[in-house]
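Structure assessment
What follows is each chain in one-letter form.
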Amino acid sequence: MNVLPFRYITTPIYYVNDRPHLGHLYTSVAGDILARFYKLLGYGVKFVTGTDEHGAKVDQAARNQGVSPQDYVNSMAKAFQDLIHAAHVQADDFIRTTQDRHHRAATALWDRLEKTGAIYLDHYAGWYAIRDEAYYDESELTDGPDGKMAPTGAPVEWVQEPCYFFRLSQFQNPLLDYYHDHPEAIGPDSRYNEVVSFLNSGLRDLAVSRSKMTWGIPIPGSNHVMYVWVDALTNYLTGLGYPDTDCPEFETYWKESIHLMGKDILRFHAVYWPALLMAAGLTPPKRLFAHGWWMSEGQKMSKSLGNVIDPFALMDQYGVDRVRYFLFRHVRFGQDGDFSKELFQQRCNHELADGLGNLVHRVLSFIQNRLGCVMPVCSEIAVPLDSKYGAVHAGAETLGHWASEQLQWWIQMIEEQNIYGYLESVYSGITKGNAYMAELAPWALLKLANSGDTAAAQAMHHGLYALVSFLRDLAIALWPVIPSTAQSMWTQLGLQGAIQDSAKIGKELKNSTRGVFSCFGSDLPAVIGQPSPLFSKDV
């Protein structure tokens, strides 16, 4: 297998000034899908998420609630931890920027930047948006009803204070050269073009401390705290044990890292972050991928409109796997999406209930009701295509090799973060499975077999064995996206253990001369489990 996986997968750490929303769920599940897929390939993967707990917005939110900043962030961090657990996201680590290990990492990075001369002390006078925790040039501002506004619509205020600066202006050409040599470093392509255009417009040195605020990581030897974005971005190093860059984990994972994020914070990740890393003598992450935003029924989500989608309520109402599936089947990852209850119901009912659920139930119910739950016996045989049941046998062979034929495509889709393309391939397989079940018509073959037609019995067994093998392959392919449903399929097929422990696509590929899976030679149980519907149509 010629695949170099992204072995260190991260979401942005989520800012805790408010409750989790649909965008947080979206990025977390995306990272989970990538991590689960690479783990199925047999690779060691570290998937990290967490919370960003410093900055003016957090301090302000704590004051509004009459609690200390630390008490406030403790309660908010729990909400984000609850979200990933509720969404069945298997994060390997959860970083909090108030943790001692993160303070050590951020302080070590700062010390390194000072030693290389990348930081100097001066005075800052300019526009700052507390909501964005970002500095803006006057040319970027617009006039709003209550004063000047940032491009994001956030109000800005004029700030004057002593400040440390990072020599960002020195990294314009190094960054342009780096992205010229590594065009794959930013996805999708439209975001790459956006970053290069921004760099070509010129860079100014970046204010990287605040002296009028105390809720942040202290800068040694001063009364300043680190600018919250310098603090937050360092979390990607914290997750690998920085400053110990000689440890095996850092060496193994950093060079194969991918940062997932919403498009609104791409500039911080694609300009500030790689420049800070270069200044510290570290390589930029291998890839950044910025996804789009979600709207609600055609409108931008807003508290004032009352159309903000609560991810907890959404999963409680419809089920976790339906939500995970829809988010990545409905829109290409990287583009903006619109959450519509009607479209959600249509896709889930048609593809999950009528498509996947119907196929699994028809196959397994037939084996239960007509064959006493006993797996059909199948041996590899050569059947002439022009024989009476040649088409049935040929279809079984095709279905049995579906997964092996799709594997390289799946790998390519995941490498490109094209989860939509991955699911498109899997759903195409579901359609093929349903079509073959109709073509096989095992109820008709069983009637002929009971009348003494041994060729019909042989064709029925061959076809059903291929279908069960196909469902096994399908469960594995679906596990990264809808893990609970995939595990239910696995159990109903009579297979033991957890999918992630029992099925390693990489191992299967290396051990098979015919492909990853085959209806001949696959380890299927002698007896299936108890069939039960995977999905109802009550959404």
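Residues numbered from 1 in each chain as written. Predicted model: local features only at pLDDT ≥ 70, side-chain atom pairs only at ≥ 80, totals over all residues. Heavy atoms only, no water.

**Description of the overall build of the protein chain**
Cut-off, in case you're wondering: Numbered from the N terminus, helices here are DSSP runs of H or I no shorter than four residues, and strands are runs of E no shorter than two. Only protein chains enter the accessibility calculation, which uses a 1.4 Å probe. A residue is then buried if its area is under 20% of the maximum for its type, exposed if over 50%, and partly exposed in between. Whether two residues are in contact is decided by their heavy atoms, any of which lying within 4.5 Å being enough. Only the protein chains shown count as cover for residues, and the accessible areas themselves come from Shrake-Rupley with a 1.4 Å probe. Neither His nor the chain ends contribute to the count of charged residues, in which Lys and Arg are positive and Asp and Glu negative. Every charge is mapped onto a representative atom, which is NZ of Lys, CZ of Arg, CG of Asp or CD of Glu.
Along its length, the protein chain carries 21 helices and 18 strands. Taken across its 539 residues, the protein chain has 58% of its residues classed as buried. The long-range share in the protein chain, meaning contacts at least 24 apart out of those at least 6 apart in sequence, stands at 77%. As displayed, the protein chain offers around 22,100 Å² of accessible surface, 50% of which is attributable to carbon and sulfur atoms. If you average the places of the 44 positive and of the 58 negative side-chain charges in the protein chain, the two averages end up 4 Å apart.

**Some details on the packing of helix 17 (residues 442-450) against helix 18 (residues 454-478)**
For clarity, the cut-off: Inter-axis angles, ranging from 0 to 180 degrees, are taken between N-to-C directions of lines fitted to C-alpha atoms, where helices are fitted over the stretch in contact. Left-handed describes a crossing in which the near helix is turned anticlockwise from the far one by less than a right angle; the clockwise case is right-handed. Just so you know the grouping, Ala, Val, Leu, Ile, Met, Phe, Trp, Tyr, Cys and Pro go in nonpolar, Asp, Glu, Lys and Arg go in charged, and all remaining residues, Gly too, go in polar.
The contact between helix 17 and helix 18 brings their axes to 8 Å, and the two run at 150 degrees. Crossing angle aside, the handedness with which helix 17 passes helix 18 is left-handed. Across from Pro442, Leu445, Leu446, Leu448 and Ala449 in helix 17, the residues of helix 18 making contact are Ala456, Ala457, Ala459, Met460 and Leu464. Tallied by class, residues from the contact of helix 17 with helix 18 come to 10 nonpolar, no polar and no charged.

**Looking at the confidence of the model for the protein chain**
Applied cut-off: A residue's pLDDT is simply how confident the predictor is in it, with values from 0 to 100.
In the predicted model, the protein chain carries a mean pLDDT of 90, and the fraction of residues at 70 or more is 93%. Here residues 509-521 scores under 50 on pLDDT; set against residues more than four positions off or in separate chains, the count is 40 contacts.

**Thoughts on helix 13 (residues 341-371)**
Since one α-helical turn is 3.6 residues long, residues separated by three or four positions face the same way. Cut-off, in case you're wondering: Bending is quantified residue by residue as the angle between axes fitted to the seven-residue window ending at that residue and the seven-residue window starting at it.
Asn358 marks where helix 13 bends most, by close to 35 degrees. Directly beyond the C-terminal end of helix 13, a positive phi value near 65 degrees is found at Gly372.

**Some remarks on unusual backbone geometry**
Going from Gly187 to Pro188, the amide bond is cis rather than trans, its omega being -10 degrees. Turning to its location among the elements, Pro188 is positioned in the loop between strand 10 (186-187) and helix 6 (189-200). Here the amide bond leading from Tyr242 into Pro243 is cis, since omega sits at 15 degrees, within 30 degrees of zero. When you line up the elements, Pro243 lands in the loop between helix 8 (235-238) and helix 9 (248-253). Phi angles above zero are rare outside glycine, and Glu133 is one such case at about 50 degrees. Along the chain, the position of Glu133 falls in the loop between strand 5 (119-129) and strand 6 (134-136). A residue is classified by how much of its surface remains accessible, and Glu133, at 3% relative accessible area, is buried. For Cys373, which is not glycine, the phi dihedral falls at a positive 70 degrees. Looking at the secondary structure, you find Cys373 in the loop between helix 13 and helix 14 (390-400).

**Considerations on the nonpolar core**
What counts is decided by this rule: Nonpolar cores were defined as sets of buried Ala, Val, Leu, Ile, Met, Phe, Trp, Tyr and Cys residues, with membership established by side-chain atoms within 4.5 Å.
Formed by 189 residues in total, the largest nonpolar core has its most connected members in Tyr179 and Leu356. The greatest single-element share of this core, amounting to 15 residues, is contributed by helix 18.

**Topic: the environment of Pro531**
Among the structural elements, Pro531 can be located in the segment after helix 21 (505-511). Note on Pro531: relative accessible area 9%, which makes it buried. Between the C-alpha atoms of Pro531 and Ser488, which are 43 residues apart in sequence, the distance is 9.4 Å.

**Regarding the pairing of strand 15 (residues 287-291)**
Here is the rule we go by: Here, strands pair whenever DSSP counts at least two bridges between them. With the strands pointing away from the viewer, any crossover whose connection runs clockwise from the first strand over the helix to the second is right-handed.
Most of strand 15 sits out of view: five of its five residues are buried. Of the pairings in the sheet, the one linking strand 10 to strand 15 comprises two bridges and is parallel in character. Bridge pairing in strand 15 links Ile186 to Leu288. Note on the crossover from strand 14 (residues 257-262) through helix 10 (residues 266-279) to strand 15: the handedness is right-handed.

**A short note on the pairing of strand 4 (residues 93-96)**
In strand 4, alternate side chains face the same way, and those of Asp93 and Ile95 on one face and Phe94 and Arg96 on the other are all buried. Bridging between strand 3 (residues 46-52) and strand 4 involves four bridges; their strand directions are parallel. From the neighbouring strand, Gly50 faces strand 4, where its bridge partner is Ile95.

**Focus on the pattern of salt bridges**
Applicable threshold: Just to be clear on terms, a salt bridge is a Lys or Arg side-chain nitrogen sitting within 4 Å of an Asp or Glu carboxyl oxygen.
Applying the stated criterion across every chain yields a total of 20 salt bridges. Here Arg63 ties to Asp59 by a salt bridge, and the two come within 3.3 Å at their closest N and O atoms. On the criterion of helical spacing, the pair formed by Arg63 and Asp59 is a turn pair, its members being four residues apart in helix 2 (residues 56-65). The salt bridge partner of Arg347 is Glu351, with a shortest N-O separation of 2.8 Å. Note that Arg347 and Glu351 are positioned in helix 13 at a spacing of four residues, about one turn of the helix. The exposure class of Glu351 is buried, given its relative accessible area of 6%. Connected via shared salt-bridge partners are Asp32, Arg36 and Arg324.

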